[in-house]
Amino acid sequence: MTETDGQLAEMLESYPETVKKNRKKHLVIKNEAAESCPQIEANTRTIPGIISQRGCAYAGCKGVVVGPIKDMLTITHGPVGCGYYSWGTRRNKARADKTTPKDQVYSQLCFTTDMQEPDIVFGGEKKLAKMIDEVVALYHPRAINICATCPVGLIGDDIGAVAKAAMERHNIQVLAYNCEGYKGVSQSAGHHIANNTIMEKIVGTGTERKPGKHVINLLGEYNIGGDGWELERVLTEIGYTVNCVLTGDSSYLNIKTLHLADLNLVQCHRSINYIAEMMETRYGTPWLKVNFIGIEAMNQSLRQLAQCFGDPELEAKTEVVIQRETARVTAALDQYRKVCAGKTAFAFVGGSRSHHYQYLLRDLGMEVMVAGYEFAHRDDYEGRQVIPMIKTDADSKNIPELHLSPDPEKYREAHEHLSITKEQYEELKKEVPLSYYEGMYPNMKGGEVMIDDCNHHEIEELVARYKPDLIFSGVRDKYVAHKLGVASKQLHSYDYSGPYAGYNGALNFARDVTNALMTPAWNLIIPPWEKNGNEGSENHA
């Protein structure tokens, strides 16, 4: 047993035997000598009594995927406690949409039916129908989302029937998402439910392709701090037409024409890979896994993207932009690197962020000692090659699978989308991650730790043992780090900073990380292990 193995074994000692046995499966230590990633337990229910940082299926559906769509009005059908997620949590920036004089959409519109005890007893369908009528009269939305919460599923309100009747009354699309919080094991279930409905009801219904030689979609980008705009700036200059950013600053109109793009770029694998796969099946649209977080990662993804089209002019323009943008930010990053170099970090964030941000931190001379996801599946850690080996459990069966077949009129082979030969496409797949994601494990270094669904106890133990200089977290667990005397930066809303993607995003991130590391307040907090007489860390702020 190595020293690291021993430390992690000590961390689990305080658990009862059954819990210890369970949690051990959620831990993997990178062994560079191993040929492949050991199996990690993921996408299983959190043990009752453990304080997890996960969200529910409703949070994944409404809060992550459908909520940011700026011209679709979203109704949370349930008590106001669940409806809180309609406001005040994650932000998704959006531009004003002035397609026609009456369409003045500036931001997401979200409401709740505020179900009370009588509604729970007698049913809330009439209340929901009335709310739909009211919001249509007031706001004239292009379409409406209805997101169910736990009580709705328990009492049996038929939101699908309410949505169908509303569509007939108002002649607009009304979508019902049975995303009750208890479905699945985390917010990941809500992502899947949202993807299914969007794919089934919206994608493919539009007919007007945006002009441009190379039209692309950017999937799994939520424009939290304006990231989508920074990426669109670079991609447009190179020569791409960005058809839709799903779902950050996205519109119902653009989602309808998702299938008319030549290529899908997948940023957040976990939340949106379902649509990418389904579009490949139904329309033949290929997808490329990208990482636009970090300078080197950004450059690599842009080069791989240009390779997909086999266009020498596009590749040449890509190199011009890469050289100019890299040179522009290098000097400033060098200054921030003087503070950041040699520092260590933890990353406990959802989506693909715990993986992506390792590239950007290494650009600054930092290393991530411990990383994990809140709601990942095994393929997010081990790579998509393990998908055929993942057994379908009872929780996964709660989410209906769409069994799609090629559209007889709109399907084209993947190589036809990219205007290359079938042979060229097969060779390309050997060089770039088309329809593939390698997972987090290959990017970790020897001795570094992957942990799934990390809880409060484990965060405290890991901090005491590894003494990181900075912790990247979700919106709730950042305060656990603060109480331990460690600076924390939450990456779900960026602490209202950003953007962090692309070249300008790298500068913003470096500035915020440097400020966090240099903040004098951390010198006034005595970490618990120092209070107990243990030796402190030389790297500690």
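Quick notes on the rules
- Residues numbered from 1 in each chain as written.
- Predicted model: local features only at pLDDT ≥ 70, side-chain atom pairs only at ≥ 80, totals over all residues.
- Heavy atoms only, no water.
- Domains from an automatic or database assignment.
- Contact = heavy atoms within 4.5 Å.
- Buried area = accessible area lost by both parts, 1.4 Å probe.
- Pairing = 2+ DSSP bridges.
- Helix = DSSP H or I, 4+ residues; strand = E, 2+ residues; numbered from the N terminus.
- Axes fitted to C-alpha atoms, helices over the stretch in contact; angles between N-to-C directions.
- 1 Å grid on protein atoms, 1.4 Å probe; cavity = no way out; pocket = protein on both sides within 12 Å on 5 of 7 lines; lining within 4 Å.
- Points joined across faces, edges and corners; volume = space filled by probe spheres on them.
- Nonpolar A, V, L, I, M, F, W, Y, C, P; charged D, E, K, R; others polar.
- Expected span 1.5 Å × (residues − 1).
- Buried < 20%, exposed > 50% of the residue type's maximum accessible area, 1.4 Å probe, protein only.
- Arc of directions from axis to C-beta.
- Polar contact = N/O pair within 3.5 Å; in protein donor to acceptor, adjacent residues only side chain to side chain.
- Right-handed = clockwise from strand over helix to strand, strands pointing away.
- Parallel < 35°, antiparallel > 145°, perpendicular 65-115°, else oblique.
- Left-handed = near helix turned anticlockwise from the far one by under 90°.
- Core = buried A, V, L, I, M, F, W, Y, C linked by side-chain atoms within 4.5 Å.
- Phe/Tyr/Trp six-rings, centres within 6.5 Å; stacked < 30°, edge-to-face > 60°.
- Lys NZ or Arg CZ within 6 Å of the ring centre and 35° of its normal.

Below, the discussion takes up the domain arrangement of the chain. If you check the domain split of the chain, you get domain 1 (57-182) and domain 2 (214-333 + 383-431). Averaged C-alpha coordinates put domain 1 and domain 2 at centres separated by 29 Å. The interface is formed by 18 residues belonging to domain 1 together with 15 residues belonging to domain 2. Contact with domain 2 buries surface across domain 1, with V65, K93 and R95 losing the most and accounting together for 35% of the total.

Strand order in the open sheet formed by four strands is 7-6-8-9, with parallel pairing between adjacent strands. Since the sheet does not close on itself, it has two edges, and those belong to strand 7 (240-247) and strand 9 (287-289), each with one partner. Between one strand axis and the next, the sheet turns through 25° on average, direction left out of account. Two elements, strand 6 (residues 214-221) and strand 8 (residues 263-266), share four bridges in a ladder whose sense is parallel. Bridge assignment links N217 to a residue of strand 8, and that residue is N264. Helix-sheet contacts for helix 12 (residues 269-283) involve strand 6, strand 7, strand 8 and strand 9, and the interaxial angle to strand 6 is about 140°.

Okay, the layout of surface pockets next. Estimates place the volume of the largest pocket at around 950 Å³. Together, 35 residues line the largest pocket, and N43, H377, I390, S396 and E401 are the ones closest to its centre. Only helix 9 (187-201), helix 12 and helix 16 (378-382) provide two or more residues apiece to the lining of the largest pocket. In terms of residue count, helix 12 provides more of the lining of the largest pocket than any other element does, six residues in total. Taken together, the residues of the lining of the largest pocket sort by class into 11 nonpolar, 13 polar and 11 charged.

Throughout the structure, instances matching the rule amount to two cavities of 30 Å³ or more. As for the largest cavity, its lining consists of S52, Q53, R54, F348, V349, G372, Y373, E374, D453, C454, I459 and D477. Across the lining of the largest cavity, the residue classes break down as five nonpolar, three polar and four charged. A volume near 40 Å³ is recorded for the second largest cavity. Around the second largest cavity sit N22, R23, H26, T44, R45, T46, I47, R54 and D453, which together line it.

What follows deals with helix 6 (residues 125-139). Its 15 residues place the ends of helix 6 21 Å apart at the C-alpha level, agreeing with the 21 Å of an ideal helix rising 1.5 Å per residue. Listed as buried for helix 6 are L128, A129, M131, I132, V135 and V136. With its buried residues spanning 160° around the axis, helix 6 presents them on a single face. The outward face of helix 6, more than 90 degrees from its buried face, is lined by the exposed residues K126, K130, A137 and L138. For helix 6, the secondary structure elements touched by its buried residues are strand 2 (72-77), strand 3 (110-112), strand 4 (143-148), helix 8 (159-170) and strand 5 (173-177). Looking one or two places after helix 6, you find H140, whose phi comes out positive at around 50°.

Further remarks concern the side chain of K467. Of note, K467 is situated in the loop between helix 19 (456-466) and strand 13 (470-473). From its side chain, K467 meets the backbone oxygen of A464 in a polar contact 2.7 Å long.

Another aspect to go through is the environment of D380. Structurally, D380 can be placed in helix 16. Relative accessible area serves as the criterion here: at 0%, D380 is assigned to the buried category. A C-alpha to C-alpha distance of 7.6 Å links D380 and H269, two positions 111 residues apart in sequence. When near neighbours in sequence (up to four residues on either side) are disregarded, D380 contacts H269, R270, Y373, Y437, G439 and M440.

Attention now moves to the pairing of strand 10 (residues 344-348). With respect to burial, strand 10 is a largely interior element, five of its five residues being buried. On strand 10, burial covers both faces: T344, F346 and F348 on one face and A345 and A347 on the other are all buried. Judged from the five bridges that link them, strand 10 and strand 11 (residues 367-372) form a sheet pairing that is parallel. Residue A345 lies in a different strand from strand 11, and its bridge partner there is V368. As a crossover connection, the stretch from strand 10 through helix 15 (residues 353-363) into strand 11 is right-handed. By the bridge criterion, three bridges tie strand 10 to strand 13 in an arrangement that is parallel. Bridging from a neighbouring strand, A347 pairs with F472 of strand 13.

With that settled, consider the packing of helix 10 (residues 227-238) against helix 13 (residues 295-309). At a closest axis distance of 12 Å, the pairing of helix 10 and helix 13 adopts a crossing angle of 40°. Classified by the angle their axes make, helix 10 and helix 13 are oblique. Relative to helix 13, the crossing made by helix 10 is right-handed. For the pair formed by helix 10 and helix 13, the contact residues are L231, V234, L235 and I238 on the first element and M298, L302 and L305 on the second. The residue inventory of the contact of helix 10 with helix 13, partitioned by class, reads seven nonpolar, no polar and no charged.

Given a rise of 1.5 Å per residue, 17 residues ought to cover 24 Å, and the 24 Å separating the end C-alpha atoms of helix 21 (residues 502-518) matches this to within 8%. In terms of burial, helix 21 is largely enclosed, as 13 of its 17 residues are buried.

Core analysis: the biggest nonpolar cluster contains 112 residues, and I198, L263, F472 and F509 have the highest contact counts within it. Per-element tally for this core: the top contributor is helix 21, with eight residues. Two domains each donate at least three residues to this core, and these are domain 1 (57-182) and domain 2 (214-333 + 383-431). Every residue in contact with F472, bar those within four places of it in the chain, is listed here: A345, F346, A347, F348, V349, L361, K489, L491, F509 and V513.

What follows deals with the packing of aromatic side chains. The full count for this structure, using the stated rule, is nine aromatic pairs. Between Y373 and Y381, the ring centres sit 5.1 Å apart and the planes meet at 50°, which makes this aromatic pair tilted. Neither Y373 nor Y381 differs from the other in exposure class; each is buried. Arranged with centres 5.2 Å apart and planes meeting at 80°, the rings of Y500 and F509 form a pair that is edge-to-face. Y500 sits in the buried class, given a relative accessible area of 0%. According to the relative accessible area criterion, F509 is buried, its value standing at 1%. One aromatic cluster is present, formed by Y357, F472, Y494, Y500 and F509 through successive ring pairs. Across the ring face of Y441, the terminal group of K30 is positioned such that the distance to the ring centre comes to 4.7 Å. Across from the ring centre of Y437, 5.0 Å away, lies the NZ or CZ of K289, which sits over that ring.

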